[in-house]
Amino acid sequence: MGPLHKFDHPGDDELHQVPIGAEPFAPPSPVADSSSELWEWLRLLNRRKALIVGAGLIAVAIMALIIAQQTPLYKASSRVMLDTRTFKVINSEAALSGVDTLNLGAIQSELEVIQSEFLIGRVVDRLGLASNPDFNGSRAPGFLDAALTPIRDIWQSGISSLFAPPPPRTASATPPVRQGRKDDSDPNRRAAIGTVASHLTVSLLGRTFVIIITVESPDGAMSARIANAIAEVYLADQIDNKNEANRRATEWLEERLAELRRNLQAAEEAVATYRRDKGLAGSPEGVVSTQTLSDLNSKYLAAKTRRIEKEARLVALSKASLNPGELAGISEVATNSALNALRTQELELGRKIAELSTQFGPNHPKLVQARSELAAIHSRFLQQTQSITNGVRAELDAAKAEEDELKAQVEHASVMSGTASQYEAELKQLEREAQSNRTLFESFLTRFKELREQQDIQRADARILAYAWPAGAPSSPQYKTGLFAAFVVGCLLGMAGAIAAEKLDRVFRSASQVEKATGVAVLGMIPLVKGAIGQRANIVTQVVDRTTSSAAEAMRAVFTAISLSNLDQPARIIAVTSSTPGEGKTTFSAALGGLLTKMNASRRVLLVDLDLRQAKLAVALGLKDRGGTIDEYLMGTKTLDECIHRHESSGVDYICARSDTPNAPEVLESHAMKAALATFADRYDLVILDSPPVMAVSDARIVSQLADYTIFVVHWAKTPRDVVKSAVATLHSVTDRIGIVINKVNLAKHAMYEYGDYGDYYSRYRGYYGAAYGGGTAGGPPADVARETSGIAKLTRIVPRMK
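Residue numbering note: each chain is counted from 1, following its sequence as written. It should be noted that, the model being predicted, local features are given only for residues of pLDDT at least 70 and side-chain atom pairs only at 80 or more, the latter also being counted only at that level, while totals for whole chains, interfaces and linings use all residues. Calculated side-chain values reflect all of the structure's heavy atoms, with hydrogen atoms and water omitted.

J.: Any chance you could explain the overall build of the protein chain here in plain terms?
T.: Looking only at helices and strands, the protein chain has 27 helices and 14 strands in total. Exposure is judged per residue with a 1.4 Å probe applied to protein chains only, and the accessible area is read against the type maximum: over 50% gives exposed, under 20% gives buried, and values in between give partly exposed. The burial tally for the protein chain puts 40% of its 803 residues in the buried class. When checking whether two residues touch, look at their non-hydrogen atoms; a contact exists if any pair is within 4.5 Å. In the protein chain, of all internal contacts separated by at least 6 residues, the share reaching a separation of at least 24 is 82%. Entry remark: accessible area of the protein chain is about 42,900 Å², with carbon and sulfur atoms responsible for 56%. Secondary structure is summarised from DSSP: a helix means a run of H or I of at least four residues, a strand means a run of E of at least two, and numbering begins at the N terminus for each. Residue burial considers only the protein chains on display, and all accessible areas are found by Shrake-Rupley using a 1.4 Å probe.

Below, the structure is given as C-alpha cells:
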C-alpha cells in the first residue's frame, strides 16, 4: 500500500487518510497570496461583467433622461487684468493705495468683491434682470426639476432641518445701507441676484493677474451681457470707492490740520516764555557748565582707571616676589634687560652645577664655587625686582593723588552746574515737543496737498482685457461627459453589487472550498454533460459510449482514488449518497457502474437501488421494465437471479427498487439485507449502492454503515454549504471512510473562476480527450425525471486535492 496523507476533520479526533496524489496542506507564500488575490478580483469582475455593465447602462439611461429634461446653458467669459503699475502724480499711500497686486490675499479679496451681492445687485438693476423670467424664478420648472426639487432642498438645507423647526428670528440691527444700494425687499430682485450668483464663476488665469468672469444662462447673448456688465461695474465700483475715500480723507485732514496748527503755536510760545523767564535767552553758560562737568568726569574716570591698573601691577609684583617662577609673566620684569641677563646667567650656572654634580662630590671646590655664584645672582635678581616694585608703588601714589584732585573738582563743578542743567533739560523738553508738533503738522499738510491735487485724476486698479461674446454651443449639460460619468458610476455600483453577491454566495464552487468547509477529501469533479438536461438515460449512454471523454476520465479518477485509499482492504461495497434530492447521485451511480464494466469486461459490477422511497435507478438506465426489486428478494418472493438483470449497452448488472417501499429503515437494517450484501460481495468485484439523500431520511446513515466506502455527491454551485456540512457531519457519526464528488459543474462558468484544479485543464484542453461534450442526443425519458439532474458536471480532478 502506498503512502497516505492525513488531515484532521473539524470537530473529529480521528484522522482520515487521503489517497496518493492528494495535495497536502502547505503554508502559502506571501507573494503567491498577493498574486492570487489580484487574479481573484479580476476573475470576479469577469464573472459578474453582465451585472456591472448592466448597472452602467441603467445609469446611462437615467442620466440620459435627466439630461433630456435639463435646459441648455450657454457660457460667456470676460477678462479683467489687475494693473500692477502705480498710477499717481504724487506719491500718496494710505487712503489711495489701491490694490496690492503682489499680495495673494488682496487678489483673492478682489475675487470676492466681484462675486459680492452688492456688485451683482448693481448688474441686476442695470440689465433689468429682476423682470426676466429666466432669473427671477417665475418660469415654471420642468417635470424632472419639479420631481428633484425636494431632494435639492434637502441637499442644500440639510436633513436635520426636516426634523427640527427653524430657529426663531431674533431682532438685529439694520445693516448699514451702502450708497447707491436699492432696497432688498423686492423678492424678484433677490431671486435674480441669487440666480446670477449661482451661475457666476470668478477665477484667476494661471499665475497671472488676469481675472476670468464666467456667466452661464439659458441665453448666450444674455450671458455675454452679464459678464461684460460685471466687469464694467467692478471698474466703476473701484473708482467710486477711491473718490469716496478721497473725500473722507480730505475732510478728516482738514480737521486734523487745524488742530495740529493750534498745538504747534502753543508749543512754540511755551519755549519762548521759558527762555525769557529763566534768563536763558542768548546765554551760553549752561552749555559751558555742562561741557566742563563732562570733561572733568572723563578725566576723573581716566585717573581712576590708571590708579586701578597700578594697584593691579603692584599686587602682581608682590605675589611674584614670593614665587620667583611667576616673575617671567610680569611685563616690567620680562622687558628689563638686566633681569634677562641675570636669568641667562642663572640658567648657565644651573646647567654647570648639574654637570659638576655628575663628576664630583657635593663638597668639591668647583661645585661649592658654582653654588656661591648662583646665590649671588639670586641676590642681585631680588634687588632688581625690589627696585621695580618701588617704582610701581611710586607711580600708584601719584595716580591716587591725581584721582583725589579730579574727584574734588568734579564735586565742585556738579554743585555749580546743577541749577543750570535743570533749566537746560526743561528747555530741551519744550523744544522737542515743539519740533514734534512742527514735523507732524508739515506731514499732514503735505498729504493734504497731495489729496487735493489727485481728486480729479482717479482711475481703477484694473482694466478690461477682453469682452465676452455669445457662445455658439451650449456648455451644459455636457452630454458625452455626463453619460460617460454615469456609466463609470453605474459600473462602480455594479462592482459593489458584484462583490456583495460574491460575499453572499453560500454554495460551493471549488474542491478547496469543500475540503476547507468539511475536512473531507474531494475525489473528483464531474463535468456537466450538455444537451442532455433532464435525460438520465442519455447521460449514462453518453458516458458509457464515450469512454475517453472528460466525464468518463473523471469517473475513472474517482474509482482510482477510492481503490488507492486502502490497497490492503479495497472497497467492495460503495454507497453513493447526497445531502438533498436532485444532486445527480443516481445518475452518477449508473454511469460509474456502466463505465467500469464497459472499460473492463472481466470486472463484475452490480448496481443496487437502495433508495426505497424514490427509486430512480431504472429511469437512469432507461429501463421500461424494472423486473424484480430488492425488497422482493429480501422478502423471498423472488430469487436473486430473477431480480438481477443486465444493462444492454454497458453490461453492468443491476437490481432495481420499488418506490415508497413500506418500512424502509427496517428493511435496510434487517439481517436479510446484510446477508444479501454479503452475497453480492461474493459474486461481484464491486457493488454500488444508490442510497437515499442524507438530509431527507435516515436511510442514508444505515446504508453507509453497510458499505465499505461512501461517496457523497455535491451539486456544484447549488447545494448550500450549511446543508453539505450538516450532511457530512451526520455521515461522520456512522463512518469515517467518506469521499466527496462535486457533480454537475458547468464548464463555462467554472472557467470564469479558474481555480487552477484539474477541471481548469479539462476546460482549456478539452480537445485532448477523445470526445468532448458540445451537445447531447435527442430524445430521452419522460419529463417527470428532469427535476433530479441536468447532467454530469463537466469538471473533474484526477485525484483529490487537500488544502
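Next comes the rest of the account.
J.: Any chance you could explain the pairing of strand 7 (residues 522-527) here in plain terms?
T.: Each regular strand carries side chains that alternate between the two faces of the sheet. Burial analysis of strand 7 places six of its six residues in the buried class, which makes it a mostly covered element. Should DSSP find at least two bridges between two strands, the strands are taken to pair. Sheet topology places strand 7 next to strand 14 (residues 738-745); four bridges connect them, and they run parallel. Paired with Gly-524 across the two strands is Val-741, which belongs to strand 14.

J.: How should I be thinking about the sheet that holds strand 14 in this particular structure?
T.: Consider a sheet: its strands pair through backbone hydrogen bonds, and that pairing is either parallel or antiparallel. As summarised here, the arrangement of the eight strands in space is 7-14-13-8-12-9-11-10, forming an open sheet in which the pairing is mixed. The open sheet has two edge strands, strand 7 and strand 10 (645-646), and neither has a second partner. Two elements, strand 13 (residues 709-715) and strand 14, share six bridges in a ladder whose sense is parallel. The residue bridging Thr-710 from the neighbouring strand is Ile-738, located in strand 14. What counts as an axis is a line fitted to C-alpha atoms, over the stretch in contact for a helix, and the angles between N-to-C directions run from 0 to 180 degrees. Relative to strand 7, helix 17 (residues 550-565) is tilted by about 170 degrees, and along the sheet it contacts strand 7, strand 8 (573-578), strand 12 (686-690), strand 13 and strand 14.

J.: Any chance you could explain helix 3 (residues 104-114) here in plain terms?
T.: Listing the buried residues of helix 3 in full gives Ala-106, Ile-107, Glu-110, Leu-111 and Ile-114. End-on, the buried residues of helix 3 take up no more than an arc of 150 degrees, which puts them together on one face. Our arc is simply the arc of the directions from the helix axis toward the C-beta atoms.

J.: Is there a simple way to explain the pairing of strand 3 (residues 74-82) in this structure?
T.: Here eight bridges tie strand 3 to strand 5 (residues 210-217), and the two strands are oriented antiparallel to one another. In the sheet register, Arg-79 faces strand 5, and the bridge partner there is Ile-212. Inspection of the sheet shows strand 3 paired to strand 6 (residues 462-466) by four bridges, in the antiparallel sense. Within strand 6, the position partnered with Arg-79 by the bridge is Ala-466.

J.: Got a minute to help me understand helix 15 (residues 511-518) in this structure?
T.: An α-helix turns once per 3.6 residues; consequently, residues spaced three or four apart project the same way. Those residues of helix 15 not exposed but buried are Ala-511, Ser-512, Val-514, Glu-515 and Thr-518. Summarising the axial view, the buried residues of helix 15 lie within an arc of 160 degrees, below the 170-degree limit, and thus occupy one face. Packed against the buried residues of helix 15 are strand 7, helix 25 (721-732) and strand 14.

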